Amino acid sequence: MLLYMSKAIQEGASMSLHSVSVAGVVVREDGRVLVIRRADNGAWEAPGGVLELDERPEDGACREVLEETGIKVNAVRLSGVYKNMARGIVALVFLCRPIGGEERTSAESADVQWFTREEVQARMLEAYSIRVLDALDSDTPQVRAHDGHRLID
């Protein structure tokens, strides 16, 4: 792969770089979903962040949930793959179950709450609420694209 990339660069080919992120849709027994209010933009989202080079995607999702919320989780399954077409970010989202910890905020989360399905639909941008709804509604991973706010067909 490195040889191919070097040759492409030498030949002047443009390269498109993508970032890979992970997120956890954490669902309690009562059906409520763990969400954060992002500290940087105030948006409500499932907790997540950049996948580190040396970790498996499901481990990264569990790490990000713990870092941002104080809740320890197990990843159950991949629930979807989402690409932010405007920013070149590919997100791998996992359905997770809580196994311990206590809610707390972090440098990345201004608030941590457990939303109902209705609150997810009413308070989250479409591009991020669909991640939660897909995890709740489908047993097979969904693949979707969005512009940072709305889904793209």
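Before reading further, recall that the structure is shown in the block above.
Everything quoted here is computed from the prediction, not taken from an experiment. Sequence positions are assigned chain by chain, starting from 1 and proceeding in written order. Given that the model is predicted, a residue must reach a pLDDT of at least 70 before its local features are reported, and side-chain atom pairs must reach 80 or more before they are shown or counted; all residues, however, enter totals for whole chains, interfaces and linings. As a convention, hydrogens and water are excluded, and side-chain values are obtained from all of the structure's heavy atoms.

1. Points about the packing of aromatic side chains
Stacked, tilted and edge-to-face pairs are distinguished by plane angle, under 30 degrees for stacked and over 60 for edge-to-face with tilted covering the rest, among Phe, Tyr and Trp rings (Trp via its six-membered ring) whose centres lie within 6.5 Å. For the structure on display, the rule yields one aromatic pair. Judged by centre distance (4.9 Å) and plane angle (50 degrees), the rings of Trp-44 and Phe-115 are tilted. Residue Trp-44 is located in strand 3 (residues 44-45), and its partner Phe-115 is located in strand 7 (residues 109-115); the two are separated by 71 residues in the primary sequence. Burial classification: accessible surface area is computed with a 1.4 Å probe over protein chains only, and a residue below 20% of its type maximum counts as buried, one above 50% as exposed, and the rest as partly exposed. Residue classification places Trp-44 among the buried positions, given a relative accessible area of 5%. Secondary structure elements are taken from DSSP: a helix is a run of H or I of four residues or more, a strand is a run of E of two residues or more, and numbering for both begins at the N terminus.

2. A word on the environment of Met-124
Examined against the element boundaries, Met-124 turns out to sit in the loop between helix 3 (117-123) and helix 4 (126-137). Owing to a relative accessible area of 6%, Met-124 belongs among the buried residues under this scheme. It is 23 Å that separates the C-alpha atoms of Met-124 and Glu-58, two residues lying 66 residues apart in sequence. Non-local contacts of Met-124, meaning those with residues more than four positions away in its chain, are made with Val-35, Trp-44, Glu-45, Ala-46, Glu-119, Ser-129 and Val-132. In what follows, residue pairs with any heavy atoms lying within 4.5 Å of each other are defined as contacts.

3. Some details on the sheet that holds strand 2 (residues 33-38)
A pair of strands is treated as paired once DSSP finds two or more bridges between them. The sheet built from three strands is open, its strands ordered 3-2-7 with antiparallel pairing. The open sheet has two edge strands with one neighbour each: strand 3 and strand 7. In this structure, strand 2 lies alongside strand 7, joined through six bridges in antiparallel fashion. Each bridged residue has a counterpart across the sheet, and for Arg-37 the counterpart in strand 7 is Asp-111. Contacting strand 2 and strand 7, helix 2 (residues 57-69) crosses the sheet at an angle of about 65 degrees to strand 2. With axes taken as lines fitted to C-alpha atoms, and helix axes fitted only over the stretch in contact, angles between N-to-C directions fall between 0 and 180 degrees.

4. A few points about the environment of Val-120
Tracing the sequence through the fold places Val-120 in helix 3. With relative accessibility at 1%, the residue Val-120 sits in the buried group. The spatial distance from the C-alpha of Val-120 to the C-alpha of Ala-75 is 20 Å, given a sequence separation of 45 residues. Excluding its chain neighbours within four sequence positions, the residues that come into contact with Val-120 are Phe-115, Ser-129 and Val-132.

5. Some words on the sheet that holds strand 5 (residues 71-84)
Strand-to-strand pairing in sheets goes through backbone hydrogen bonds, with the strands running parallel or antiparallel. Strand order in the open sheet formed by six strands is 4-1-6-5-8-9, with mixed pairing between adjacent strands. Lying at the two open borders of the sheet, with one neighbouring strand each, are strand 4 (48-50) and strand 9 (151-152). Across 12 bridges, strand 5 lies against strand 6 (residues 89-101) in antiparallel orientation. The partner of Gly-80 across the bridge, within strand 6, is Val-93. The sheet contacts of helix 2 involve strand 1 (19-26), strand 4, strand 5 and strand 6, and relative to strand 5 the element is tilted by about 110 degrees.

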